[in-house]
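Geometric and topological summary
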Amino acid sequence: MENNITQISREDLEDLREAFSKIDIDNSGYVSDFELQELFKEASFSLPGFKVREIVEKFIAAGDTNKDERISFEEFVSIYQELKSKEVRESFRKSITRRDGIRSFGGTSGISSEGTQHSYSDEEKVAFVNWINKALADDPDCKHLVPMDPENDSLFKSVRDGILVCKMINLSQPDTIDERVINTKKLTTFTMNENLMLALNSASAIGCTVINIDAHDLQAGKPHLVLGLLWQIIKVGLFADIEISRNEALIALLGEGEELDHLLSMSPEELLLRWVNYHLDNAGWQRIANFSEDIKDSKAYFHLLDQIAPKGECDEELRIFIDISGINERDDEQRAELMLRQAARLDCRQFVTPHDVVAGNHKLNMAFVANLFNTYPALNKPSDNGIDLALLEGESREERTFRNWMNSLGVTPYVNHLYRDLVDALVIFQLYERIQVPVDYKKVNRPPYPALGANMKKLENCNYAVDLGKREAKFSLVGIGGENINEGSQMHTLALVWQLMRRYTLNVLFDLGDGEKVNDQTIINWVNTTLTQGKKNTTISSFKDKLISTSLPVIDLIDTIAPNAIREEMVKRGEMTADDKLNNAKYAISVSRKIGAKVYALPDDLVEVKPKMVMTVFACLMGRGLKKVDG
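Reading the values: the criteria
- Residues numbered from 1 in each chain as written.
- Predicted model: local features only at pLDDT ≥ 70, side-chain atom pairs only at ≥ 80, totals over all residues.
- Heavy atoms only, no water.
- Buried < 20%, exposed > 50% of the residue type's maximum accessible area, 1.4 Å probe, protein only.
- Helix = DSSP H or I, 4+ residues; strand = E, 2+ residues; numbered from the N terminus.
- Contact = heavy atoms within 4.5 Å.
- Axes fitted to C-alpha atoms, helices over the stretch in contact; angles between N-to-C directions.
- Parallel < 35°, antiparallel > 145°, perpendicular 65-115°, else oblique.
- Left-handed = near helix turned anticlockwise from the far one by under 90°.
- Nonpolar A, V, L, I, M, F, W, Y, C, P; charged D, E, K, R; others polar.
- Salt bridge = Lys/Arg side-chain N within 4 Å of Asp/Glu carboxyl O.
- Phe/Tyr/Trp six-rings, centres within 6.5 Å; stacked < 30°, edge-to-face > 60°.
- Lys NZ or Arg CZ within 6 Å of the ring centre and 35° of its normal.
- Core = buried A, V, L, I, M, F, W, Y, C linked by side-chain atoms within 4.5 Å.
- pLDDT = per-residue confidence, 0-100.

Another aspect to go through is helix α7 (residues 163–172). Counting buried positions over the 10 residues of α7 gives 9, a clear majority of the element. For α7, every residue scored as buried is listed here: I163, L164, V165, C166, K167, M168, I169, N170 and S172. Looking at the buried side of α7, the elements it contacts are α5 (122–135), α6 (154–158), α8 (189–205) and α10 (223–239).

Next up on the list: unusual backbone geometry. It is generally the case that most residues other than glycine have a negative phi and that most peptide bonds are trans. The omega torsion of the bond from V146 to P147 falls at 5 degrees, within 30 degrees of zero and hence cis. Tracing the chain through its elements places P147 in the loop between α5 and α6. For the bond from T412 to P413, the omega torsion is 0 degrees, close enough to zero to count as cis. Its location among the elements puts P413 in the loop between α17 (397–408) and α18 (426–434).

Bringing the packing of helix α13 (residues 299–308) against helix α16 (residues 362–375) into the picture now. Two elements in contact, α13 and α16, have axes whose closest approach is 12 Å; the angle formed by their N-to-C orientations is 15 degrees. Taken as axis vectors, α13 and α16 run roughly parallel relative to one another. Remark: the crossing between α13 and α16 carries left-handed chirality. Taken together, the residues of α16 that come into contact with α13 (itself represented by Y301, L304, L305 and I308) are N365, F368, V369 and L372. Residue classes in the contact of α13 with α16 are distributed as 7 nonpolar, 1 polar and no charged.

What follows is about the pattern of salt bridges. Pairs can form between side chains of opposite charge whenever their charged atoms are close. The final tally for this structure, using the stated rule, is 30 salt bridges. Of the charged contacts in the structure, one is a salt bridge between K134 and D347, with a shortest N-O distance of 3.2 Å. Note that K134 is positioned in helix α5 and D347 in the loop between α14 (332–345) and α15 (354–359), a separation of 213 residues in sequence.

Our focus in this paragraph is the packing of aromatic side chains. Under the counting rule described, the total for this entry stands at 14 aromatic pairs. Ring geometry for Y301 and F368: centres 5.1 Å apart, planes at 70 degrees, overall edge-to-face. Of this pair, Y301 sits in helix α13 while F368 sits in helix α16, and the two are 67 residues apart along the sequence. By relative accessible area, Y301 is classed as buried at 3%. A relative accessible area of 0% means that F368 is categorised as buried. Members of the aromatic cluster, joined through ring pairs, are F20, F40, F73, F76 and Y80. Positioned above the aromatic ring of F73, the side-chain terminus of R17 is 4.1 Å from the ring centre.

Moving on: the nonpolar core. Where a protein is soluble and globular, its nonpolar side chains tend to be buried together. Grouped together as the largest cluster of nonpolar side chains are 177 residues, with contacts concentrated most on W275, Y432 and I523. Broken down by element, the residue count for this core peaks at 11 residues, all from α10. Ranked by size, the runner-up nonpolar core spans 20 residues in total, among them A19, L39, I71 and V77.

Let us look at the packing of α8 against helix α24 (residues 578–594). Two elements in contact, α8 and α24, have axes separated by 7 Å at closest approach and are oriented at 110 degrees. Relative to α24, α8 is oriented roughly perpendicular. When α8 is examined against α24, the residues E194, M197, L198, N201, S202 and A205 are found in contact with a partner set consisting of S590, R593 and K594.

Let us look at the side chain of Q232. Position of Q232 among the secondary structure elements: in helix α10. In this structure Q232 touches C208 and T209, once residues within four positions along its chain are discounted.

Quick look at the confidence of the model for the protein now. Low-confidence regions, as indicated by low pLDDT, have predicted coordinates that should not be scrutinised in detail. Here the protein shows a mean pLDDT of 88. Residues at 70 or above account for 86%. A low-confidence stretch, residues 91–100 stays under pLDDT 50, and its non-local contacts, those more than four residues away or across chains, total 17 contacts.

Given below as structure tokens:
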């Protein structure tokens, strides 16, 4: 079918934009037709010259909307997408497996158009299976699942009961799920579905995008959705400590004369690249610019392994010797194999095979390097650098919750730093669209920004974002101007983001409540009425009510709207210690997610009675309760 267009993920789109930027050296937003072959090569989709000429001729004849023989990023993506789709249709029609390990199959979730063709990477499946086998090897709840065979499709069957996905979420972000809530015995279709609901809502809470995935997709083991979700979960864990506030030794990567703020603004991937180059500099080897083309010969990896391996200065037994003689091997794949044998000495032979290295698989090589960093960072924090460590204060729980909420909605680019990543307002505009506030994109400046006046373009965006908030969304933004967002002002940015999240939460209730306007008092009244109907003793006077610190109003509300969801033996009542309150809160948050409430708040928000986050918990439970009433 001609409309079988392969969908491009957000990560692939970012890779394409990076490739486009490398060819578009003057930041004009266009590449010339004669640069197209180099652009495809940069995007790891090499084409012979005659094929590129055919594309250009076809493009000029029919697809050059501007008739200027220049190709914009959007036009490039369209061409790439069509080529990928054609490749899927033609190359896989007779055989399900290609030489390079890509598989394809028809169909997708009910949300997507019928007949859409999807492909997935065999290499990724193998890498994830091996990673999960190692990570969950000693987990008694996973004995029926691991080890999985990386050579077959057992991974896609193993996610069906939800246990594996829940466990992987907790490995990536410890304590996200209260494991007392996971159904592990005498599983039925219903209890497996509960586990999957818990997993998907918990994945959202740690910033994974699960908009087009539901429990039925995972029960059906749809490969592209399973791999996409698992990669997001694994990536959260791999990148968790590649953050200066969590690992002050990263200050060692600060360049001479460079401001700390520049390092703080880097994404985990950018920091990872700088970390590699720091060690390559020490080895006297040339730097790399990416985790694809520049690592294909494995030589940078040999030097990296040699630099980070424990030297055992104080204890010879701790020394791990890295043999880099394999760097002289002439065959690329054999050289990669010899390199990976050295990685195995560090217990870090994960994510890549020799073929993945030689093929320059960006995703898997990045995961390989991230695992190396997490295991052997080999950095010493400079003792006297004159840096104010107060600047390294990590994000607050509230900030992390907002950031995870944004990322779970699929905004692009991915938000790594709440304030720094919003200074051009592009993410804010996407959030406006999520709350049904129309954005006139003719008024929005898009990257790449001009070398001169870039900040002015970003400021114009921020001014428009604040104006939209005041005029269209009717937000309270007194004393907030575009310059506050553009400067990354914490107080002002939080004020806007909170109102966006609040509106997003209330919009769900508005839709369920037949258009009835919802405010805080509406939610409080519904909570108390529902608790009374459930013959519960608890009530709340406001979202600041001290009783909320026990989580009992939340637990009793869940028990009313979803009978049998609460196991009373797990709940502490009466006199409570701080640990009792925290355990109740963990239980309440996880059961909320298990019954279908997409709760982003954290257990500590209930214990400390943080009114904003408390409101979102009760609002989400109200949404779940109304859904039940409406059938």
